[in-house]
Amino acid sequence: MANLCNVDGQISSEADARIPVLDRGFLFGDSIYEVVRTHDGVPLTWSEHWNRLQASAASLAMELDLSEIDVARRVAETMAQADHGDSYVRIIVTRGTGDAPNIDVAYANSPPRWVLMVRPLQLAVGKPVHLAMVDRLRNDRRALDPATKSGNYLNNVLGLAEAKASGATDCIMLNHDGSVTEASTSNLFARIDGVWCTPPLNAGILAGITRSMLLELLPKAGERVEERHLTGNDLASAEEIFLSSTLRDIGPVTHLNGRALHPNQPNGVGGESTTRLIPAFGEFIERRLAERDGPYWRNLLGQ
Ligand SMILES: Cc1ncc(COP(=O)(O)O)c(C=O)c1O
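From a predicted model like this one, the values you see are computed outputs, not experimental measurements.

Considerations on the overall build of the chain
Link 1 in the chain: Assigned secondary structure in the chain consists of seven helices and 14 strands.
Link 2 in the chain: Taken along the three principal axes of its C-alpha coordinates, the chain extends 55 × 45 × 30 Å.
Link 3 in the chain: Within the span of the chain, comprising 303 residues, buried residues form 39% of the whole.

Here's the deal with the site of the ligand
Link 1 in the chain: Lining the immediate environment of the ligand, one finds 14 residues, of which Leu 206, Gly 208, Ile 209, Thr 210 and Thr 246 sit closest.
Link 2 in the chain: Here the shell around the ligand gets three residues from one element, more than from any other, and that element is helix H5 (residues 209-220).
Link 3 in the chain: When its residues are assigned to classes, the shell around the ligand shows three nonpolar, nine polar and two charged.

Brief notes about the pairing of strand S7 (residues 129-133)
Link 1 in the chain: Alignment of S7 against strand S13 (residues 249-256), held across three bridges, turns out to be parallel. If you follow Val 129 over to S13, its bridge partner there is Val 253.
Link 2 in the chain: Of the pairings in the sheet, the one linking S7 to strand S8 (residues 170-172) comprises three bridges and is parallel in character. Across the sheet, the residue bridging to Leu 131 is Asp 170, located in S8.
Link 3 in the chain: Read from S7 through helix H4 (residues 154-165) to S8, the crossover connection turns out right-handed.

Thoughts on H4
Link 1 in the chain: Here H4 is 12 residues long and its end C-alpha atoms lie 16 Å apart, about the 16 Å a rise of 1.5 Å per residue gives.
Link 2 in the chain: Contacts made by the buried residues of H4 are with S7 and S8.
Link 3 in the chain: Within two residues after H4, Gly 167 carries a phi angle of roughly 95 degrees, on the positive side.

Quick word on the domain arrangement of the chain
Link 1 in the chain: Taken domain by domain, the chain comprises domain 1 (4-120) and domain 2 (129-281).
Link 2 in the chain: Once you take the C-alpha centre of each, domain 1 and domain 2 turn out to be 27 Å apart.
Link 3 in the chain: With 16 residues of domain 1 in contact, the opposing surface of domain 2 contributes 10 residues.
Link 4 in the chain: Going through the elements one at a time, strand S3 (31-39) and helix H2 (46-59) are the ones with two or more residues in the side of domain 1 that touches domain 2.
Link 5 in the chain: For the side of domain 1 that touches domain 2, the element with the most residues is S3, which contributes six residues.
Link 6 in the chain: Taken together, the residues of the side of domain 1 that touches domain 2 break down into five nonpolar, seven polar and four charged.

Comments concerning helix H3 (residues 68-82)
Link 1 in the chain: In a regular helix each residue adds 1.5 Å, so 15 residues correspond to 21 Å; H3 covers 21 Å between its end C-alpha atoms and thus fits that length.
Link 2 in the chain: Burial in H3 covers these residues: Val 71, Val 75, Met 79 and Ala 82. Projected down its long axis, H3 shows its buried positions confined to an angular sector of 70 degrees, all on one face. Summarising the geometry of H3, the exposed residues directed more than 90 degrees from the buried face are Ile 69 and Ala 80.
Link 3 in the chain: In this structure, the buried side of H3 is in contact with strand S1 (4-7), S3, strand S5 (87-94) and strand S6 (113-120).
Link 4 in the chain: Taken from the residues just after H3, Asp 83 is the one with a positive phi, measuring 50 degrees.

Considering the sheet that holds S3
Link 1 in the chain: The strand order across the open sheet built from six strands is S2-S1-S6-S5-S3-S4, with neighbouring strands paired in antiparallel fashion. Edge positions in the sheet fall to strand S2 (10-13) and strand S4 (42-43), since each of these pairs with one other strand and no more.
Link 2 in the chain: The pairing of S3 with S4 spans two bridges and is classified as antiparallel. Bridged to Thr 38 within S4 is Pro 43.
Link 3 in the chain: The sheet strands contacting H2 are S3, S4 and S5, and the helix crosses S3 at an angle near 175 degrees.
Link 4 in the chain: Contacts from H3 reach S1, S2, S3, S5 and S6 within the one sheet, and its direction differs from that of S6 by about 35 degrees.

Thresholds, definitions, all that
Here the residue index of a chain counts from 1 through its sequence in written order. In keeping with the model being predicted, local features are shown solely for residues with a pLDDT of at least 70 and side-chain atom pairs are shown and tallied solely at 80 or more, while totals for entire chains, interfaces and linings include all residues. Note on conventions: DSSP H or I runs of at least 4 residues are helices, E runs of at least 2 residues are strands, and numbering of each starts at the N terminus. With C-beta atoms placed from the backbone, the exposure class of a residue follows from how many other C-beta atoms lie within 10 Å of its own: 20 or more, buried; 12 or fewer, exposed; in between, partly exposed. Residues are classed as near a molecule or strand if the C-beta position derived from their backbone is within 6 Å of it. When residues are grouped by polarity, Ala, Val, Leu, Ile, Met, Phe, Trp, Tyr, Cys and Pro land in nonpolar, Asp, Glu, Lys and Arg in charged, and all others, Gly among them, in polar. Any two strands with at least two DSSP bridges between them are considered paired. Think of it like this: strands point away, you trace from the first strand over the helix to the second, and a clockwise trace means the crossover is right-handed. For a helix, the expected span equals 1.5 Å multiplied by the number of residues minus one. Contact definition: two residues whose C-beta atoms, as placed from backbone geometry, lie within 7 Å. Domain limits in this description derive from either an automatic procedure or a database domain assignment. As used here, the arc is the angular range of directions from the helix axis to the C-beta atoms. Fitted lines through C-alpha atoms serve as axes, helices being fitted only where they are in contact, and the angles separating the N-to-C directions of these axes extend from 0 to 180 degrees.

Okay, here's the thing in structure tokens:
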């Protein structure tokens with residue numbers, strides 16, 4: 001089954017999809033995006049992703065010309081043609097085709113370009129992570145705020161490459177104040193003296209949707225949780241660490257800077273609390289889909 005793309009309403013195979021070379025997303029990373037996963041045709045946390053897309057657009061002064069219903073219909077139509085079952089859906093909006101390869105937004109006179117990519121879902125739930133603290137800093141909030149999910153991911157591309165060069169599978173980046181931020185495409189949780197800590201939004205991170213679901217779930221699962229600034233030393237002394245994202249849910253960190261965090265556990269297994277949380281989060285998501293996301297999506301599509 002082919003991966004499908006929907007470019008401004010036209011569905012084609014991913015291989016045949018085309019955008020003009022003057023597209024500002026291509027030229028400058030002048031774009032925003034979301035990655036959504038679906039279960040039985042229902043996108044998980046659709047409204048949170050839609051709201052974050054709006055917030056990203058607002059932070060770049062990009063005016064979106066499609067409504068939530070328009071986009072939901074395009075997503076549903078593309079998924080129906082792809083017929084993949086559970087899907088990965090990437091929603092990209094660029095500032096459209098410019099009049100010239102000039103960064104000035106005065107040259108952005110066409111409507112935004114909407115690209116959907118629909119692929120079979122490949123989840124990495126519970127996949128072990130080897131984390132490396134890299135020298136590269138996370139973008140400063142005053143320069144390009146990591147809270148904006150823009151298509152300009154070079155900071156993350158280079159952070160990840162640095163981690164991989166050291167034999168790790170993902171990076172953790174500090175901000176200019178030496179505070180822990182996030183991994184290349186995931187947020188971070190560290191258990192310190194029995195409390196699950198995650199950097200606050202003002203550390204300069206993406207407001208991960210998985211992160212906020214975990215902030216809701218953890219106390220219900222009998223865990224203490226708090227948003228707290230963390231240093232590299234805090235991480236080094238953490239009892240357990242995991243990453244969170246839409247495509248991995250919870251990814252247990254088994255190694256930090258090459259050191260095994262749980263040397264007495266069988267290979268690939270995180271700490272005890274993390275191991276308990278992985279299935280608990282799976283159940284949390286199933287309930288959410290059944291009780292909130294399913295009815296919301298069907299209502300949006302008028303079904
Ligand atoms: C930089 C960054 N941080 C965190 C996340 C996790 O966000 P979410 O849980 O909404 O997928 C992502 C996801 O792509 C990301 O790119």
